[in-house]
Every structure is written in structure tokens, then in C-alpha cells.
Amino acid sequence: GDSVTQMEGPVTLSEEAFLTINCTYTATGYPSLFWYVQYPGEGLQLLLKATKADDKGSNKGFEATYRKETTSFHLEKGSVQVSDSAVYFCALSEGQTGFQKLVFGTGTRLLVSP
Amino acid sequence: DAGITQSPRHKVTETGTPVTLRCHQTENHRYMYWYRQDPGHGLRLIHYSYGVKDTDKGEVSDGYSVSRSKTEDFLLTLESATSSQTSVYFCAISEGSSGGGTQYFGPGTRLTVL
């Protein structure tokens, strides 16, 4: 079945450092790919998404590019802030219509220190 | 903001008691989902609904039932709670009547079964 693999955390960075969180996937079709962020005590918020190969999703300084050849969707940010400390989930979904099943990675905790 | 609320937000109960969690949405979305979040597992789908009285099982449905008598409400019931059901439960909706597109999540319910 479909699966998503994320790098183990926690990822610990100093403010203004460059961030990469790796995400790779296995899918039989052509999934859409998502990054969700969960701040402490809150639900998941959509951070960005990409629906086809070579698409780049971006939001709040975060970026991720849908790489079909490497089945990857790595999350990057050029300069992290303390407020970016959260858990980040990579996910995929098959199909654009009908029931949409989201398959999640296990999450990567990011800790940013001043 | 997708207009999703969950109640209660926190609940502590004892093994063997029935528990019902409520998800309420205000924007008339057709598709609704229940997930549980556990360390090391990311989010896993329990049940979903594709319309009033139309529901189906997800990957971890054992011990759970759902009901949807109105478009806006999706109830998750633990008929006889067990300690293994201690978790954080999230409701989600899909935009669009087809169910395709992004899922948006509620704030979650933290359930502790003693």
C-alpha cells in the first residue's frame, strides 16, 4: 500500500538556520502531496501542497517540490524562526475526486532556539 | 478556517464506559473523517463519511462506530473504551462535494482511558 517516510526527529536548529526535512513516498498512482504543521496543543494546519510532478508548493517561507523521479517532497526553509517550532507531517492522497484517503508520515519535530 | 469544532476537547474516562466525541462543521462539506494520532504512527484513519447516513471504515476501525444523521455533525463512539484507545482524536473535512482536494482539521479531542 501507499506509504510516507519522514526523517526522524527532533531536528534542532538555531534561529536563521536553513531547514530541510526529508520526505519520500511510495504510491501506485499519481498522488497529491502535502505538508501539514502542528503547533503545540493545536490541530493540523495545511502548510503547502503540490498536485503533480515538478509542482512547487510554498507558504510562509517554506517550500517543497514534487519530485516524481526520486519520489520525494522535501520541506525547506531558508531561515527558520523560533515560532516555526512545531511538528511537521508529510502526507499523500490518491485521487482528486471521491473519497480521499490521506496517508501520513510519522511526523518530524522541529525545535528552533534563539 | 474551515469552521470545524470538536467536543469535548478533553475527556478522562474509565475502561468499559461508552464515549461519544462530536465533530461539527458549519460549511456543508460532504466528506468528513475521524483520525487518531499516536506517537510513532502519525495520523491514522478510523472512519469516514461521504454523506448523511453514509459511512465506511478506515484502517483502525475496530472498537469504534460512527454516525452522521445531519450534514454538519459526525459522531465517533467508543462503545466500551479501552486503555489502547487513549489518544488524540481529530476530525477533518474535505472541500468540494467530490471529496477531492485538501483536508482541513479540527482542534482535536484528547481522550484518556484509565
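This write-up is about the structure you can find in this document.

Cut-offs used in this document
Residues numbered from 1 in each chain as written. Chains lettered and ligands numbered in written order. Predicted model: local features only at pLDDT ≥ 70, side-chain atom pairs only at ≥ 80, totals over all residues. Heavy atoms only, no water. Helix = DSSP H or I, 4+ residues; strand = E, 2+ residues; numbered from the N terminus. Rg over C-alpha atoms; globule rule 2.2 N^0.38 Å. Buried < 20%, exposed > 50% of the residue type's maximum accessible area, 1.4 Å probe, protein only. Contact = heavy atoms within 4.5 Å. Areas by Shrake-Rupley, 256 points an atom, 1.4 Å probe, with all protein chains shown as cover. Lys, Arg positive; Asp, Glu negative; His and termini not counted. Charge placed at Lys NZ, Arg CZ, Asp CG, Glu CD. Pairing = 2+ DSSP bridges. Axes fitted to C-alpha atoms, helices over the stretch in contact; angles between N-to-C directions. Buried area = accessible area lost by both parts, 1.4 Å probe. Salt bridge = Lys/Arg side-chain N within 4 Å of Asp/Glu carboxyl O. Polar contact = N/O pair within 3.5 Å; in protein donor to acceptor, adjacent residues only side chain to side chain.

1. Quick notes on the overall build of chain A
The helix and strand inventory of chain A stands at 0 helices and 12 strands. Order of helices (α) and strands (β) in chain A, N terminus to C terminus: β-β-β-β-β-β-β-β-β-β-β-β. In terms of C-alpha radius of gyration, chain A reaches 14 Å, essentially the compact-globule figure of 13 Å for 114 residues. Dimensions of chain A, computed from C-alpha atoms along their principal axes, come out at roughly 45 × 30 × 25 Å. For chain A, buried positions account for 46% of its 114 residues. Contacts spanning at least 24 positions in sequence make up 57% of the contacts within chain A whose residues lie at least 6 apart. Accessible area of chain A: about 5400 Å², with a carbon and sulfur share of 49%. Treating the 9 positive side-chain charges of chain A as one cloud and the 12 negative ones as another, the clouds have centres 5 Å apart.

2. Quick notes on the sheet that holds strand E7 (residues 64-70) of chain B
All names here are of chain B. Across the sheet, which stays open at both edges, the 4 strands sit in the order E1-E3-E8-E7 with antiparallel pairing between neighbours. Of all strands in the sheet, those with a lone pairing partner are strand E1 (4-7) and E7, marking the two edges. Ignoring which end each strand starts from, the neighbouring axes of this sheet average 20° apart. Direction of pairing for E1 relative to strand E3 (residues 19-25): antiparallel, over a ladder of 4 bridges. Bridging from a neighbouring strand, Gln6 pairs with Cys23 of E3.

3. Observations concerning unusual backbone geometry
Glycine aside, a negative phi is what most residues show, and trans is what most peptide bonds show. Residue Pro10(A) follows Gly9(A) across a cis peptide bond; omega there is 0°. For Pro10(A), the position within the fold is in the loop between strand E1 (3-6) and strand E2 (11-14). Following Ser7(B), the chain continues to Pro8(B) via a peptide bond in cis, the omega torsion being -10°. Here Pro8(B) shows up in the loop between E1 and strand E2 (10-13). Positive phi, close to 45°, is recorded for Thr71(A), a residue that is not glycine. With respect to the helices and strands, the residue Thr71(A) is situated in the loop between strand E8 (62-65) and strand E9 (75-77). What makes Thr71(A) partly exposed here is its relative accessible area of 30%.

4. A word on the pairing of strand E12 (residues 108-113) of chain A
Residues and elements named next belong to chain A. Of the two faces of E12, the one holding Thr108, Leu110 and Val112 is buried and the one holding Arg109, Leu111 and Ser113 is not buried anywhere. Relative to E12, E2 is paired through 4 bridges, and the arrangement is parallel. Bridging from a neighbouring strand, Ser14 pairs with Ser113 of E12. Where strand E10 (residues 86-93) lies against E12, 3 bridges are found, and the strand directions are antiparallel. Note on E12: the bridge partner recorded for Ala86 is Leu110.

5. Points about the interface of chain B and chain A
Often, the extent of an interface is quoted as the loss of accessible area upon association of its parts. Facing the 24 residues of chain B at the interface are 20 residues of chain A. Across the chain B/chain A interface, buried area totals approximately 1600 Å², and carbon plus sulfur atoms make up 55% of it. Looking at the side of chain B facing chain A, the largest losses of area belong to Leu43(B), Thr102(B) and Phe105(B), adding up to 27% of the total buried there. Along the contact surface separating chain B from chain A lie 0 salt bridges. On inspection of chain B and its partner chain A, the count reaches 3 residue pairs in polar contact (both at pLDDT 80 or more). Mapped by element, the contributors of at least two residues to the side of chain B that touches chain A are strand E4 (32-38), strand E5 (42-51), strand E9 (87-94) and strand E10 (103-105) of chain B.

So far we have only geometry, and geometry alone does not tell us how the molecule works.
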